Amino acid sequence: MADDTNGASKKPSTGEKKELSMEMRLLLAFGLMGIVLFVTQYLMPKQAPKPPEKQQVAQTAQPVPAQKPVEQPPAAKPAAAPAKPGKPGAAKADAAPAAVIGQKEELHVVETENYHIVFTNRGACVHSWILKKYKDIQGKPVELISATAAPKVGWPFSYIFLGQKPAVDLNNVLFAVKQPDPSTVEFEYSDGTTSAKKSFRIDPKTYKTVFHSDVTSGGKGVAHQLAWRGGFGDRTVHNAPDIQKSVYYDAIKSKLVEEGSGSASKGPVTVAGSFHFAGIEDTFFAAVVLPQPGTTTEMTTWQDHIVPVAGTEEKPHVGISIGGKDVNEALLFVGPKDTDVLRATDKNLETMIDWGWFWFIAKPLFLALHWTNDNLTNNWGWAIVFATVIINLLMLPMRFSQLRSSQKMAKLQPELQAIQARYKDVGMKDPRKQKQNEETMALYQKHGINPVGGCVPLLLQMPFFIAFFKVLSVAIELRGAQWLWVTDLSQPETLFIRILPVTMLITQVGMQKMTPAAGADPQQQKLMMYMMPIMMTFMFYGASSGLVLYWLTGNVVGIAQQYFFNKAAAKPATPQVIISKKK
């Protein structure tokens, strides 16, 4: 990447706007529904009692000019005279190194089982880093580097100097290149004053690379960072810039820290510490370095306004630069956030998979889903359907408890509305309001009803719902997985009208109509019958197809359960015939 001279703040910006997680969206949705249910009892006009019905209601980094061909530096001056005998090391300090310069711009390709990587000797950077085993939405192997960003912020592994800078622009000179073996590339440059070396040793079987970089000027080491800016990962996914983040794991605090581009909206932000790993990520892929334990590493987060695809508007993208020493060397992981792959590389990397608040439920659910796909369905879509049916069957007792409570409340509505009618003109602060509450509670006790009894089973189910949502959001196994007309379960449908969310709306309304109403107010019932399904559809319309399929399947199972429950509840009790004997 081209060097950027903006100073990096040592304190993170507080101006970032965090995007709500799926867990928070769900809790807000359920909370809003509860508030509406509570408030409408007092705001809606009361109707005369009726028989119960079966209805329910850091400033942006300055642009770096595009790279221009530069004239080759003049040949180095003759080396200085040898050091005087008896002074070891004086020769290194006094003698200027011989010139090592590339003659022309060259591209060098490294091909492994997992990678197709293209290196350039101009700046010793990377022009392309392709993951061969993963496809994007267009069916092409995933390209992790943005070619549209490079003219503005440079290519990955460009130099960044936050302090002292060498006299020559190392990002624009031609390095001499050696390839001692097919999976190793070594770059070297020296003009007699400034020297730089950079090397990459790629493991041909895994996603691991060992990289080395050192810079000296005038015989002294120059602290530097190596950058990956302009975004990262699969750019063909929905809202790609929003899911890209810088990431590091603080070894001292045992804490994972992720930052979007907004954290650097007022300027680049630098952190330093002992990190298990640090780098850049999106939902399914990551590029992180794993420094030696006990060493201090610097990482700077950048915000760059980049055109994601040619012909579109600029959007803020996150970028990072890592290092901080004159000699930077570490293990580099560039690959998928697959649990097996991450664990095989370093157990700490598994923390990059965000299982959410209910991780203790999400992880077993993921393993069960994985087993179902591998052993029963051989399709992730049908595995979601199967697992959803099983989960709903396991929760059947709680659901029946909720349905029984709703039915009892529905039968009690005429008496409840009679109480409400007697106190309809009583204000909330009127002492007689306490009398209304006492009569209402006495009625509940008389019929053995717990007013919140129907809510408890729903609250117990919510952790499972949210955990399953999280699994379907972060599991890379669903990426590119097909199901019937759906081409990628990890993304929204590509159809103009998305079938799964629309079907979910229809089944949600149907289930609301079948559920016994907790209130007899027709306006309130109508409001809840359509408002909640519309809210859920709006929330899920841009969600991944796997998430919508899960909720849709739950609706279908719920309709079947509600049908049989209503049918059983409708059976009249067998009348007892008493025959009196005449005397």
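Up top is the structure.
Residues numbered from 1 in each chain as written. Predicted model: local features only at pLDDT ≥ 70, side-chain atom pairs only at ≥ 80, totals over all residues. Heavy atoms only, no water.

### Quick look at empty space enclosed by the protein
Empty space left among the atoms is revealed by rolling a probe the size of a water molecule over them. The calculated volume of the largest cavity comes to roughly 40 Å³. Residue lining of the largest cavity: Pro492, Glu493, Arg498, Leu500, Pro501, Phe540, Tyr541, Ala543, Ser545 and Val548, and that is the complete set. Contributing elements (two or more residues each) for the lining of the largest cavity: α10 (499-514) and α12 (545-570). For the lining of the largest cavity, a count of residues per class yields seven nonpolar, one polar and two charged. Considering only enclosed or pocket space, the second largest cavity measures out at about 30 Å³ in volume. Of the residues that constitute the lining of the second largest cavity, the class distribution is six nonpolar, one polar and two charged. (1 Å grid on protein atoms, 1.4 Å probe; cavity = no way out; pocket = protein on both sides within 12 Å on 5 of 7 lines; lining within 4 Å. Points joined across faces, edges and corners; volume = space filled by probe spheres on them. Helix = DSSP H or I, 4+ residues; strand = E, 2+ residues; numbered from the N terminus. Nonpolar A, V, L, I, M, F, W, Y, C, P; charged D, E, K, R; others polar.)

### Structural notes on the pattern of salt bridges
Enumeration according to the criterion identifies twelve salt bridges in this entry. For glutamate 105, the salt bridge is made with arginine 122, and the minimal N-O distance between the two is 3.1 Å. With glutamate 105 in the loop between α2 (90-94) and β1 (107-111) and arginine 122 in the loop between β2 (115-120) and β3 (125-135), this residue pair connects regions lying 17 residues apart in the sequence. Exposure remark for glutamate 105: the relative accessible area of 41% places this residue in the partly exposed category. Aspartate 354 is paired through a salt bridge with lysine 470; the nearest N and O atoms lie 3.4 Å apart. On the criterion of sequence distance, the pair formed by aspartate 354 in the loop between α4 (339-345) and α5 (359-377) and lysine 470 in helix α9 (residues 455-474) is long-range, its members being 116 residues apart. Under the relative-accessibility criterion, aspartate 354 is labelled partly exposed at 40%. Among the charged side chains, a network of salt bridges with common partners joins Glu113, Lys133 and Lys205. (Salt bridge = Lys/Arg side-chain N within 4 Å of Asp/Glu carboxyl O. Buried < 20%, exposed > 50% of the residue type's maximum accessible area, 1.4 Å probe, protein only.)

### So, the pairing of β3
Sheet analysis places β2 next to β3, joined by six bridges and oriented antiparallel. Across the sheet, histidine 116 pairs through a bridge with isoleucine 130, a residue of β3. In this antiparallel pair of consecutive strands, β2 and β3, the connection spans four residues, and glycine 123 shows a positive phi of 80°. Note: β3 against strand β4 (residues 141-143), three bridges, orientation antiparallel. Across the sheet, residue leucine 131 finds its bridge partner in β4, namely valine 142. Following β3, the chain reverses through five residues before pairing antiparallel with β4; glycine 139 in that reversal takes a positive phi of roughly 85°. (Pairing = 2+ DSSP bridges.)

### Points about the sheet that holds strand β18 (residues 315-325)
With antiparallel pairing, the five strands of this open sheet are ordered in space as β5-β11-β18-β17-β14. The open sheet is flanked by β5 (158-160) and β14 (269-273), the only strands paired with a single partner. Taken over all neighbouring pairs, the strand axes of this sheet differ in orientation by 30° on average, direction set aside. Strand direction decides the pairing type here: strand β17 (residues 297-306) and β18, joined by nine bridges, are antiparallel. Across the sheet, residue glutamate 298 finds its bridge partner in β18, namely glycine 323. (Axes fitted to C-alpha atoms, helices over the stretch in contact; angles between N-to-C directions.)

### With respect to the packing of aromatic side chains
The description of an aromatic ring pair uses the distance of the two centres, along with the angle that the planes make with each other. For the structure shown, the criterion picks out 26 aromatic pairs. The interplanar angle of 40° and the centroid separation of 6.3 Å between the aromatic rings of tryptophan 129 and tryptophan 228 together place this pair among those described as tilted. Remark: tryptophan 228 occurs in strand β11 (residues 224-228) and tryptophan 129 occurs in strand β3; sequence separation between them is 99 residues. Residue classification places tryptophan 129 among the buried positions, given a relative accessible area of 0%. (Phe/Tyr/Trp six-rings, centres within 6.5 Å; stacked < 30°, edge-to-face > 60°.)

### Observations concerning α5
Here α5 spans 25 Å end to end across 19 residues, near enough to the 27 Å set by a 1.5 Å rise per residue. Those residues of α5 that sit buried are Ile361, Ala362, Leu365, Phe366, Leu369, Thr372 and Asn373. The first or second residue beyond α5 is asparagine 378, which carries a positive phi of 55°. (Expected span 1.5 Å × (residues − 1).)

### Points about the nonpolar core
Counting 104 residues, the largest nonpolar core has Trp129 and Phe540 as the members making the most contacts within it. A total of seven residues in this core trace back to one element, the largest contributor, which is α9. Once you skip the residues sitting within four places of it in the chain, tryptophan 129 turns out to touch Tyr115, His116, Ile117, Val142, Glu143, Leu144, Ile145, Phe157, Thr209, Trp228, Leu332 and Val334. In this structure, Met409, Ile419, Tyr423 and Ile449 belong to the second largest nonpolar core, which totals nine residues. (Core = buried A, V, L, I, M, F, W, Y, C linked by side-chain atoms within 4.5 Å. Contact = heavy atoms within 4.5 Å.)

### With respect to the pairing of β18
As paired elements, β11 and β18 share five bridges and run antiparallel to each other. Note that in β18 the partner of alanine 227 across the bridge is serine 321.

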